[in-house]
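# Examination of the molecular architecture
Listed below are the residues making up each chain.
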Amino acid sequence: MADQNSGRRAARNDGARVPTVIADELHIVYRVNGAKSGKGSATAALSRILKRGSDDSARGVRKVHAVRGVSFVAYRGEAIGLIGSNGSGKSTLLRAIAGLLPAEKGRVYTDGQPSLLGVNAALMNDLTGERNVILGGLAMGMSREEIRGRYQEIVDFSGINEKGDFITLPMRTYSSGMAARLRFSIAAAKDHDVLMIDEALATGDRAFQKRSEERIRELRKEAGTVFLVSHNNKSIRDTCDRVLWLERGELRMDGPTEEVLKEYEKFTGK
Amino acid sequence: MSETTHDGGVALGAAPSPDEGLPADRLAAKYGLSVSGARPPLMEYVRQLWGRRHFILAFSQAKLTAQYSQAKLGQVWQVATPLLNAAVYYFIFGVILKASRGMGHDTYIPFLVIGVFVFTFTQSSVMAGVRAISGNLGLVRALHFPRASLPISFALQQLQQLLFSMVVVFLVAIGFGNYPGLSWLLIVPALVLQFLFNSGLALILARLGAKTPDLAQLMPFVMRTWMYASGVMFSISGMLVGKPEWVIRLMQANPAAVYMDLVRFALIDGYGASHLPPHVWALALFWAVAVFGGGFVYFWKAEERYGRG
């Protein structure tokens, strides 16, 4: 698999390297309401609205500077791993690349519309699996015809119906493994230009894990550029040829997978 | 493998390249990259929104179904809830407070039921609008779609809810001797205009609520005040007899009152044109177009910032 990929990439790299994602001095700041003690009462809420004009800290808003001045250029055909300890800003960086989080400072330029692999937020537990497939597909921007065409594929891939007709039951009746399988199957049904995959997507039993890893590889082949967030150094080694290491929102290292992982493993004491 | 990656890695640092040293914005321009998450122009935004119409409809229907999916009676509650609401309001305002003020029973009960349901349509659209962005931040931060889909979808959900309530309204109207006629068709334009008005309000409040989620706590009080001022349980022209003409006109120009009165006029035989303010359809159209148009542009202006929360 690795050989096959590198061959493909080498072929693409023969020509000029075409950038697909450019991050330029990117800063992301979250604002968190109610992070100060004693601000949860009704009167406090009112006074907070009244104090609109004053600065954020007076209104009980705390700022979390999640990404601090990250710059990089990603090229077509690259598979880039994002590593770093918990809370280092990996997922935030992905969302900013996808244009889902506004930048406080700096910019991200992209070729087309990058998409996060994941559809969880659009699904509803009280609806049947069947309706969730349609809803999730529409939320990802697929047309009704596309969804109809892929419906059986999605259901078969999830394996939900292997143990009886579960797809017509509400999702809240599924075991957590089954729900995760259906969510992944819906999310993976669409092809993407710039694909971003957050860690721990391949869930479920061993058989399903294998199947989903296979599907991720397929998606990667279709996509121009891939970002993968993971805490599993093995899967980073398997899939990525370049790694960005984030720590406390800053880009600590950017380079070939082996070099960065060696430093990272030293850092984490593995 | 190693050779390619090595080349790639070195190129990052030192390899001579025609793009080397080009500032990010120039490099982006050279390869035709665009700023991620930038707000599209207004017409393009409308086009994108239209492209998502199936999602908007499916999302509103999903929310509506999910609402009662755990109940044993299931979707029966779609009709039972408004029916019970009407019964409670009749008990309080019709029997205990006797707010009918000279209207006969045959007129007052349909009058009250229509008022409650039509106002609830606006009220729940507003309340859903406040939380449309702030309550769905997970969705906003995960997937790409024109954010106006959310408030409009919630308003559409309330419209479907109202259609269930209209079943109850028809039953009550017929039960009190108002039989279907051509005038009943007037509720269609009236409710379409009200839906536009509600969507506009939902868009405005969605933007405000995204920045200040506290509004969700405040809005119930605002809405209740608005309800009592709109003549849901009493007739404005009946209540204000003897007051200066302009006060009555002003109260009647209130959009909630306009839409309620139009539906009452359409369905109730005993509620004639004398209860309507002059130019009532012009007023209804004005509120719908002004609030929807204004709300849409106001919402669009902050499109790129909704993910921040």
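None of these values were measured; they are calculated from a predicted model.

### Section: the overall build of chain A
Counting its secondary structure elements, chain A contains nine helices and nine strands. Residues classed as buried in chain A amount to 45% of the 270 residues present.

### A look at the packing of helix H6 (residues 105–134) of chain B against helix H8 (residues 149–175) of chain B
Residue and element names in this part refer to chain B. Running from amino to carboxyl end, H6 crosses H8 at an angle of 165°, the nearest separation of the two axes being 9 Å. When the axes of H6 and H8 are compared, the pair comes out roughly antiparallel. H8 is crossed by H6, and the crossing has right-handed handedness. Counting all contacts with H6, which are made through Ile109, Pro110, Val113, Ile114, Phe117, Phe121, Ser124, Ser125, Ala128, Gly129, Ala132 and Ile133, the residues of H8 involved are Leu150, Pro151, Phe154, Ala155, Gln157, Gln158, Leu162, Ser165, Val169, Val172 and Ala173. Residues that form the contact of H6 with H8 fall into these classes: 17 nonpolar, six polar and no charged.

### As for the nonpolar core
Ranked by size, the top nonpolar core spans 162 residues in total, and within it Leu135 of chain A together with Ala202, Val263 and Ala284 of chain B carry the most contacts. In terms of residues, this core owes the most to one element, H6 of chain B, which gives 17 residues. Ala202 of chain B has contacts with Ser125, Val126, Ala128, Gly129, Ala132, Pro151, Phe154 and Ala155 of chain B, leaving out every residue within four places of it along the chain.

### Structural notes on the domain arrangement of chain B
Domain boundaries in chain B define domain 1 (1–33) and domain 2 (41–308). With centres defined by C-alpha atoms, the gap from domain 1 of chain B to domain 2 of chain B works out at 56 Å.

### Examining the confidence of the model for chain B
Residues and elements named next belong to chain B. Averaged over all residues, the pLDDT of chain B equals 87, while 94% of them reach at least 70. Overall, residues 1–15 carries pLDDT values under 50, and its contacts beyond four positions in sequence, including any with other chains, amount to 22 contacts. Predicted as a complex, the structure gets a pTM of 0.84 and an ipTM equal to 0.80.

### A word on unusual backbone geometry
Residues and elements named next belong to chain A. Residue Glu25 is not a glycine yet carries a positive backbone phi of 45°. If you trace the backbone, Glu25 turns up in strand E1 (residues 19–32). Residue class for Glu25 comes out partly exposed when judged on the 13 C-beta atoms lying within 10 Å of it. Not every positive phi belongs to a glycine, and Arg248 is a case in point at roughly 50°.

### Focus: the packing of helix H5 (residues 77–96) of chain B against H6 of chain B
Helix-helix packing: each pair is described by the crossing angle between the helix axes and the interaxial distance. Residues and elements named next belong to chain B. Two numbers describe how H5 lies on H6: the axes approach to 10 Å, and their chain directions differ by 125°. Judged by the inter-axis angle, H5 sits oblique to H6. Relative to H6, H5 is oriented so that their crossing is right-handed. Facing Pro82, Asn85, Ala86, Tyr89, Tyr90, Phe93 and Gly94 of H5, the residues of H6 in contact are Tyr108, Ile109, Leu112, Val113, Val116 and Phe117. Each residue belonging to the contact of H5 with H6 can be placed in one class, and the counts come to 11 nonpolar, two polar and no charged.

### Some details on the interface of chain B and chain A
Contacts between chain B and chain A engage 42 residues on the former and 55 residues on the latter. Elements with a minimum of two residues in the side of chain B that touches chain A: helix H1 (2–13), helix H2 (24–30), strand E1 (34–35), helix H4 (53–67) and helix H7 (137–140) of chain B. When the residues that make up the side of chain B that touches chain A are grouped by side-chain class, the tally is 20 nonpolar, 17 polar and five charged.

### Here we look at the sheet that holds strand E9 (residues 250–256) of chain A
Within a sheet, neighbouring strands are paired by backbone hydrogen bonds and run either parallel or antiparallel to one another. All names here are of chain A. Pairing in this open sheet of six strands is mixed, and the strands run E5-E6-E7-E3-E8-E9 from one edge to the other. Edge strands, defined here as strands with exactly one partner in the open sheet, are strand E5 (115–117) and E9. Strand-to-strand twist of the sheet, defined as the mean angle between neighbouring strand axes without regard to direction, takes the value 20°. Summarising the sheet, strand E3 (residues 79–83) and strand E7 (residues 225–229) pair through four bridges and their orientation is parallel. Across the sheet, Leu82 pairs through a bridge with Val229, a residue of E7. Where helix H3 (residues 90–97) meets the sheet, it contacts E3, E5, strand E6 (194–197), E7 and strand E8 (242–247), and its direction lies at approximately 155° from that of E7.

### Some remarks on the pairing of E6 of chain A
All names here are of chain A. Every second residue of E6 is oriented toward a common face, with Val194 and Met196 on one face and Leu195 and Ile197 on the other, all of them buried. Judged from the three bridges that link them, E5 and E6 form a sheet pairing that is parallel. Residue pairing in the sheet places Leu116 in a bridge with Met196 of E6. Pairing of E6 with E7, which is carried by four bridges, proceeds in the parallel orientation. What sits directly across from Ile197, in E7, is Leu228.

### Here's the deal with the confidence of the model for chain A
For chain A, mean pLDDT is 81; residues scoring 70 or higher make up 81% of the total. Low confidence marks residues 1–14 of chain A, where pLDDT is under 50. Its contacts with residues over four positions away, or in another chain, come to 15 contacts.

### A few points about the UniProt feature "transmembrane region" (unreviewed entry) in chain B
Summarizing the sequence annotation, UniProt attributes the feature "transmembrane region" (unreviewed entry) to residues 76–96, 108–133, 154–176, 182–205, 225–242 and 280–300 of chain B in the numbering used throughout. Counting secondary structure, residues 154–176 of chain B comes out at 96% helix and 0% strand; the distance between its end C-alpha atoms is 33 Å.

Basis of the calculations
Residues numbered from 1 in each chain as written. Chains lettered and ligands numbered in written order. Predicted model: local features only at pLDDT ≥ 70, side-chain atom pairs only at ≥ 80, totals over all residues. Helix = DSSP H or I, 4+ residues; strand = E, 2+ residues; numbered from the N terminus. Buried ≥ 20, exposed ≤ 12 C-beta atoms within 10 Å, placed from the backbone. Axes fitted to C-alpha atoms, helices over the stretch in contact; angles between N-to-C directions. Parallel < 35°, antiparallel > 145°, perpendicular 65-115°, else oblique. Left-handed = near helix turned anticlockwise from the far one by under 90°. Contact = placed C-beta atoms within 7 Å. Nonpolar A, V, L, I, M, F, W, Y, C, P; charged D, E, K, R; others polar. Core = buried A, V, L, I, M, F, W, Y, C linked by C-beta atoms within 7 Å. Domains from an automatic or database assignment. pLDDT = per-residue confidence, 0-100. Pairing = 2+ DSSP bridges. UniProt positions renumbered as here; feature names shortened; annotations may be inferred.

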